[in-house]
Amino acid sequence: MLIALVAPAGSGKTVAAKHLARRYGFKRIHPGQPIKDGVRRGFGLKRGAVEKRKGKEAPHILLGGASPRAVLEAYGEGIHQAAPLATAILLTRFPHRMVGI
């Protein structure tokens with residue numbers, strides 16, 4: 001079984017995914033993590049700047065005064081334009097069969 005949670009930032013996707021993982025044994029797969037990792041490494045940011053809510057909202061000197069959230073959203077939007085299904089939290093419980101969309 002494969003479930004995708006797609007919703008705006010701060011809407012509770014992670015909370016819902018953690019609950020489903022604990023309660024029903026799903027494995028969380030977060031396709032947005034490589035974006036966070038790339039932005040963090042590419043701009044020399046600490047993990048908290050892209051992982052924690054407070055850190056993501058604050059303007060950052062290494063980003064020319066932009067917030068990490070703004071940069072992450074710009075990257076995410078670019079990826080979404082090219083691959084619309086790549087920016088969601090996925091939950092999977094094996095066995096499952098991938099079906100083309």
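Residues numbered from 1 in each chain as written. Predicted model: local features only at pLDDT ≥ 70, side-chain atom pairs only at ≥ 80, totals over all residues. Heavy atoms only, no water.

Chemist: Where do I start with helix α5 (residues 68-82) in this structure?
Modeler: Because each turn of an α-helix spans 3.6 residues, side chains separated by three or four positions end up pointing in the same direction. In a regular helix each residue adds 1.5 Å, so 15 residues correspond to 21 Å; α5 covers 21 Å between its end C-alpha atoms and thus fits that length. Those residues of α5 not exposed but buried are Pro68, Arg69, Val71, Leu72 and Gly76. The arc that holds the buried residues of α5, viewed along the axis, is 160°, so those residues lie on one side. Exposed residues on α5 whose side chains face more than 90 degrees from its buried face are Ala74 and Gln81. Against α2 (33-43), α3 (47-51) and α4 (53-57) lie the buried residues of α5. (Helix = DSSP H or I, 4+ residues; strand = E, 2+ residues; numbered from the N terminus. Expected span 1.5 Å × (residues − 1). Buried < 20%, exposed > 50% of the residue type's maximum accessible area, 1.4 Å probe, protein only. Arc of directions from axis to C-beta. Contact = heavy atoms within 4.5 Å.)

Chemist: How do you make sense of the confidence of the model for the chain when you look at a structure like this?
Modeler: Parts of the model with low pLDDT should not have their predicted coordinates read in detail. Summing up the model confidence of the chain, the mean pLDDT is 79 and the portion of residues at 70 or higher is 82%. The element-level mean pLDDT for the chain is lowest in strand β3 (residues 89-92), coming to 59, with helix α1 (residues 13-24) highest at 88. Confidence drops under a pLDDT of 50 for residues 95-101, and excluding neighbours within four residues, the segment shows 4 contacts in the predicted structure. (pLDDT = per-residue confidence, 0-100.)

Chemist: What's the story with the pattern of salt bridges in this structure? I'm lost.
Modeler: Should their charged atoms come close, side chains of opposite charge can pair. Under the counting rule described, the total for this entry stands at 4 salt bridges. Here lysine 36 ties to glutamate 51 by a salt bridge, and the two come within 3.8 Å at their closest N and O atoms. On the criterion of sequence distance, the pair formed by lysine 36 in helix α2 and glutamate 51 in helix α3 is long-range, its members being 15 residues apart. With a relative accessible area of 29%, glutamate 51 lands in the partly exposed category. With its nearest N and O atoms 2.5 Å apart, the salt bridge here joins arginine 69 to glutamate 57. In this pair, arginine 69 is assigned in helix α5 and glutamate 57 in helix α4, connecting sequence segments 12 residues apart. When its relative accessible area of 14% is taken as the criterion, arginine 69 is described as buried. Among the charged side chains, a salt-bridge network with shared partners connects Lys36, Arg47 and Glu51. (Salt bridge = Lys/Arg side-chain N within 4 Å of Asp/Glu carboxyl O.)

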